[in-house]
Amino acid sequence: VIIGVILAFTLLKSVPVQARGVKDQLDIFGNKHTWLMTWLYILTFGTFSGLAAQFGLLMKNIYGTPFGADGVNPLAYAFLGALVGSAARILAGPIADRVGGGKVTLVAVLGIGFSALFTSFTLAPTSVEQFPKFLWGMLAIFLFAGVGNASTFKQMPMIFERRQAGGVIGWTAAIAAFG
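Read on for a plain summary of the structure. Fair warning: this is a prediction, and the values are worked out from it, not measured in the lab. (Residues numbered from 1 in each chain as written. Predicted model: local features only at pLDDT ≥ 70, side-chain atom pairs only at ≥ 80, totals over all residues. Heavy atoms only, no water.)

Glancing now at the overall build of the chain. Helix and strand counts for the chain stand at seven helices and zero strands. Listing every helix and strand of the chain by position from the N terminus yields α-α-α-α-α-α-α. Counting only C-alpha atoms and orienting by the principal axes, one finds that the chain spans roughly 65 × 40 × 30 Å. Here the chain, with 179 residues, has 34% of them falling under the buried criterion. Surface exposure of the chain reaches about 10,800 Å², of which carbon and sulfur atoms provide 70%. With 12 positive and 6 negative side-chain charges, the chain shows a spacing of 9 Å between the two charge centroids. (Helix = DSSP H or I, 4+ residues; strand = E, 2+ residues; numbered from the N terminus. Buried < 20%, exposed > 50% of the residue type's maximum accessible area, 1.4 Å probe, protein only. Areas by Shrake-Rupley, 256 points an atom, 1.4 Å probe, with all protein chains shown as cover. Lys, Arg positive; Asp, Glu negative; His and termini not counted. Charge placed at Lys NZ, Arg CZ, Asp CG, Glu CD.)

So, about the packing of aromatic side chains. With the rule as written, the count across this model stands at 13 aromatic pairs. With 6.2 Å between their ring centres and 90° between their planes, F48 and F142 make a pair best called edge-to-face. Taken together, the positions of F48 in helix 3 (residues 32-64) and F142 in helix 6 (residues 131-159) put the pair 94 residues apart, joining distant regions of the chain. Judged by its relative accessible area of 13%, F48 is buried. (Phe/Tyr/Trp six-rings, centres within 6.5 Å; stacked < 30°, edge-to-face > 60°.)

The next subject is the pattern of salt bridges. The full count for this structure, using the stated rule, is three salt bridges. Among the ionic pairs, D97 bridges to K154, the shortest N-O distance being 3.7 Å. On the criterion of sequence distance, the pair formed by D97 in helix 4 (residues 78-99) and K154 in helix 6 is long-range, its members being 57 residues apart. What emerges from the salt-bridge pattern is a single network uniting D27, E161 and R163. (Salt bridge = Lys/Arg side-chain N within 4 Å of Asp/Glu carboxyl O.)

Our next topic: the nonpolar core. Ranked by internal contacts, the top residues of the largest apolar core, which has 16 residues, are F55, Y63, F131, F134 and M138. Secondary structure elements with two or more residues in this core: helix 3 and helix 6. Setting aside anything within four residues of it in sequence, one finds M138 in contact with L51, F55, L58 and T119. (Core = buried A, V, L, I, M, F, W, Y, C linked by side-chain atoms within 4.5 Å. Contact = heavy atoms within 4.5 Å.)

Set out below in structure tokens:
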């Protein structure tokens, strides 16, 4: 942590944006785009963080315990969701920079929706053999959620004026962290 603080202090540049008061900082809440971006980030990051926290338990409850000794060991797979989502976020950032955050976010939201629909058909299995479809569906949700995490953050500095962008990013990240 100390090394990180030293590196941040010496290498990050300060952006000379100043609000004149609290009222200037709160004006983001009067902008409808603040709320739209908050909902988009709840959709993407909330999906990622919520499912990452529950992925192992979900596997255990659906494909583990009901099938006894033949069930799936969630410890063998639980890390994959967070891995895929995090890698997707890293890889999608430069793509959103080139193509545009709005287009990439649209693909991400549609991907989350279709992946969730696909996965919904695997939530009441009759055998453990249905687990691979469940796993691939969940990993697709994580993939698109990671892509959406990167692309929504790409949009905020483009949508909002410089003075507001930091506040909107902070607000949306804080709300979406509730997942």
